[in-house]
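Here is what each chain is made of, one letter per residue.
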Amino acid sequence: MRKGRKIISCLLALLLSVGCTMQEVEVEKKGNVYYEIFVSSFYDSDGNGVGDLKGVEEKLEYLDDLGISGIWLMPIMPSPTYHKYDVVDYMSIDPAYGTMEDFESLVQSANEKNIDIIIDLVLNHSSSQHPWFQEAVSSMRNGTCEREDSYCDYYVFSDEKLANYYPVLGSDQYYEGAFTSEMPDLNLESEALRKDIEEIVDFWMAKGIKGFRLDAIMHYYGGNTAKNVEFLTWFNELVRSKREDAYIVGEAWTSSETVAKYYESGISCFDFALSQADGKIVSTIRSGRGNALATIVSNYQDQITSYDTNAMNSIFISNHDQGRSAAYFYNSNEQTKLMASVYLLLPGTPFVYYGEEIGMLGSGKDENKRLGYVWDSTNNTGKCNDPSGADYTKKIKDGLAQQQKDKDSLYSHYKKVIRLRNQHSSYVNGTHTFIESGNEAVYMIESENEEESILTIHNFSPDTVIVECPVEYTNITGEIILTTGKSKLSHNTLEIPGMSTVIMEKSYETK
């Protein structure tokens, strides 16, 4: 038995689905839920139709109330494109978003609310308009690459035309651009470039950020996983030398087996296998196979911790490159809410894509996935213009203001689940064990750390099911929030209504 004072047998069981309510109480944010923001489409503070950093700061109260622990800002550095994944200056703020003073104010205000900020850092490539590339091209043309102050080794050049290589006009050389000709690939082997990267890290960490989201990490060395991991290990050690508790999460849109290998570097990675309309979460909900998803989650956790014992998965259901998740179960509020409960209560760090909590829509080309946030369906205050080129026409009926008044709205559900998660630190820093439920529809995983042991149970069936819980989870003394149907716990036998979620806490006594 665990040492300490006697604790009441079983603290809490909560069921989440359509129609449930939760008393508004202050909850410490232990759950580490992040919120992804495309600044241009979030909140416009000055009425010019473009979201800005002041707008994000104005909405910190909203994010805090939602239960958010951290913010991921998509690229905020100067760039010639709307998406800003081609950086012109790594130590400045794009003027469309505001000033460096605006950023500093945002970070300070966020930290006062215990909200961490990470920023997108694009190291696979720069903009072709970046001074580094302009200088490198000039040296190529002038035959001065051998000079010590040359930037030629910052990029990948070749004297022959290879796949994804483009001509350097005025010379007989070609440069690599795996994505487009306007995004020349950086040569991360360059010691001079690595010194500049260290200056960039120093610059932003000094502003008070928690860390970085790294774009396209599997492309750093053309898909060479070993080389990519070597660089990421160097980068992780660099960042953590500035801040021990830094958070670094990488984008590797590839197989789970390959992604798991990146954990050897010490960073976290997004779990693409769980996301999207055809990912493991949605597909198992559609087929009613909660037990299968629990097995997948548990096995993957074992896989990543085999590379790093402190590995922490990073979870999302949709992001800026994918069709929005509200359309995955467009005709089923119950399944949409269950999907939210599932991904928000997974082990690791979940990310909410801005507007996901109100069911925003968008699919097709990238501009359609980054539409302006709908703060109020009857009032355009703070509304941002959609990105140029967006042509998605479907609109949600109710904006945030309307959904905040509706206890059955998707927003209200997200808030309930996040608040529930925030009561339990073991989702973030626990060990996670698959528990066989004996029912194909039931997901059951135990999460345990020094503070608690909790059991997360989802019913993927539309019908009530009966679950045999481990014997330690036998009594409920806290509030039971009923959803569809009724719930009963008799000894260790639990009845769970369809499309619902239960969290139970193990009891401990001091002998």
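Residues numbered from 1 in each chain as written. Predicted model: local features only at pLDDT ≥ 70, side-chain atom pairs only at ≥ 80, totals over all residues. Heavy atoms only, no water.

Break down the pairing of strand β19 (residues 501–505) for me, with residues and values.
For β19, the tally of buried residues reaches 5 of 5 residues, placing the bulk of the element in the interior. The alternating pattern of β19 places Thr501, Ile503 and Glu505 and Val502 and Met504 on opposite faces, both of which are buried. Pairing of strand β15 (residues 453–459) with β19 involves 5 bridges; the strand directions are antiparallel. Looking at the pairing, Ile457 lines up with Val502 of β19. (Buried < 20%, exposed > 50% of the residue type's maximum accessible area, 1.4 Å probe, protein only. Helix = DSSP H or I, 4+ residues; strand = E, 2+ residues; numbered from the N terminus. Pairing = 2+ DSSP bridges.)

Let's hear about helix α12 (residues 410–421): which residues, and what values?
An α-helical turn contains 3.6 residues, so any two residues separated by three or four positions project in the same direction. Here α12 spans 16 Å end to end across 12 residues, near enough to the 16 Å set by a 1.5 Å rise per residue. Across the 12 residues that make up α12, a large majority, 12, are buried. Among the residues of α12, those classed as buried are Leu410, Tyr411, Ser412, His413, Tyr414, Lys415, Lys416, Val417, Ile418, Arg419, Leu420 and Arg421. (Expected span 1.5 Å × (residues − 1).)

Give a detailed account of the packing of aromatic side chains, specifying residues and quantitative values.
All chains considered together, the criterion is met by 31 aromatic pairs. When the centroid spacing of 5.7 Å and the interplanar angle of 75° are considered together, the rings of Phe42 and Tyr373 count as edge-to-face. Here Phe42, found in the loop between β2 (34–37) and α1 (53–58), pairs with Tyr373, found in the loop between β12 (349–353) and α11 (400–403); they are 331 residues apart in sequence, far enough to count as distant. Each member of the pair Phe42 and Tyr373 is classed as buried. Ring centres of Phe231 and Phe235 lie 6.4 Å apart, and the angle between their planes is 25°; on these two criteria the pair is classed as stacked. Highlighted residues: Phe231 and Phe235, both in helix α6 (residues 225–242), separated by 4 residues, approximately one helical turn. Neither Phe231 nor Phe235 differs from the other in exposure class; each is buried. Here the aromatic residues Tyr34, Trp72, Tyr247, Trp253, Phe270, Phe272, Phe316 and Phe351 are joined through ring pairs into a cluster of three or more. Over the face of the ring belonging to Tyr97 we find Lys84, whose NZ or CZ atom lies 5.0 Å from the ring centre. Across the ring face of Trp234, the terminal group of Arg194 is positioned such that the distance to the ring centre comes to 4.9 Å. (Phe/Tyr/Trp six-rings, centres within 6.5 Å; stacked < 30°, edge-to-face > 60°. Lys NZ or Arg CZ within 6 Å of the ring centre and 35° of its normal.)

Outline the sheet that holds strand β10 (residues 268–269), supporting the account with residue identities and numerical values.
One open sheet accounts for 8 strands, arranged β10-β9-β8-β4-β3-β2-β12-β11; its pairing is parallel. Among the strands making up the open sheet, the edge pair consists of β10 and β11 (314–316). When β2 meets β12, the two strands line up parallel, connected through 3 bridges. The residue of β12 that forms the bridge with Tyr35 is Val352. Packing of α6 onto the sheet brings it into contact with β4 (116–121), β8 (211–214) and β9 (247–250), and relative to β8 it is tilted by some 160°. (Contact = heavy atoms within 4.5 Å. Axes fitted to C-alpha atoms, helices over the stretch in contact; angles between N-to-C directions.)

So what about helix α9 (residues 290–305)? Which residues, and what values?
Here α9 spans 23 Å end to end across 16 residues, near enough to the 22 Å set by a 1.5 Å rise per residue. Buried within α9 are the following residues: Gly290, Asn291, Leu293, Ala294, Val297, Ser298, Tyr300, Gln301 and Ile304. Taken together, the buried residues of α9 touch α7 (256–261), α8 (280–287), α10 (333–344), β13 (431–434) and β14 (442–448).

Kindly report on the state of the cysteines, identifying the contributing residues and their values.
This structure, assessed with the given rule, holds 1 disulfide. The side chain of Cys145 participates in a disulfide bridge whose partner is Cys152; the two sulfur atoms lie 2.0 Å from each other. Between Cys145 and Cys152, the S-S dihedral sits near -65°, and the bridge is therefore left-handed. Overall, Cys145 belongs to the partly exposed group, its relative accessible area being 23%. Judged by relative accessible area, Cys152 falls into the buried class, the value being 8%. (Disulfide = S-S within 2.5 Å.)

I'd like a description of the side chain of Asn228, backed by residues and values.
The topology assignment puts Asn228 in helix α6. Setting aside its immediate chain neighbours within four residues, Asn228 contacts Ile217, Met218, His219, Tyr220, Tyr221, Gly223 and Tyr262.

Please provide a residue-by-residue account of the sheet that holds strand β7 (residues 174–176), values included.
Strand order across the open sheet formed by 3 strands is β5-β7-β6, with antiparallel pairing between neighbours. Two strands bound the open sheet, and with one partner strand each, they are β5 (157–158) and β6 (165–167).

For the packing of α8 against α10, give the residues involved together with the corresponding values.
Taken N-terminus to C-terminus, the directions of α8 and α10 make an angle of 135°; their axes are 10 Å apart at the nearest point. Considered as vectors, α8 and α10 are oriented oblique to each other. The handedness of the crossing between α8 and α10 is right-handed. Of the residues in α10, those in contact with Ile281, Val282, Ile285 and Arg286 of α8 are Gln335, Leu338, Met339, Val342 and Tyr343. Across the contact of α8 with α10, the residue classes tally to 7 nonpolar, 1 polar and 1 charged. (Parallel < 35°, antiparallel > 145°, perpendicular 65-115°, else oblique. Left-handed = near helix turned anticlockwise from the far one by under 90°. Nonpolar A, V, L, I, M, F, W, Y, C, P; charged D, E, K, R; others polar.)

By themselves these figures say nothing about function.
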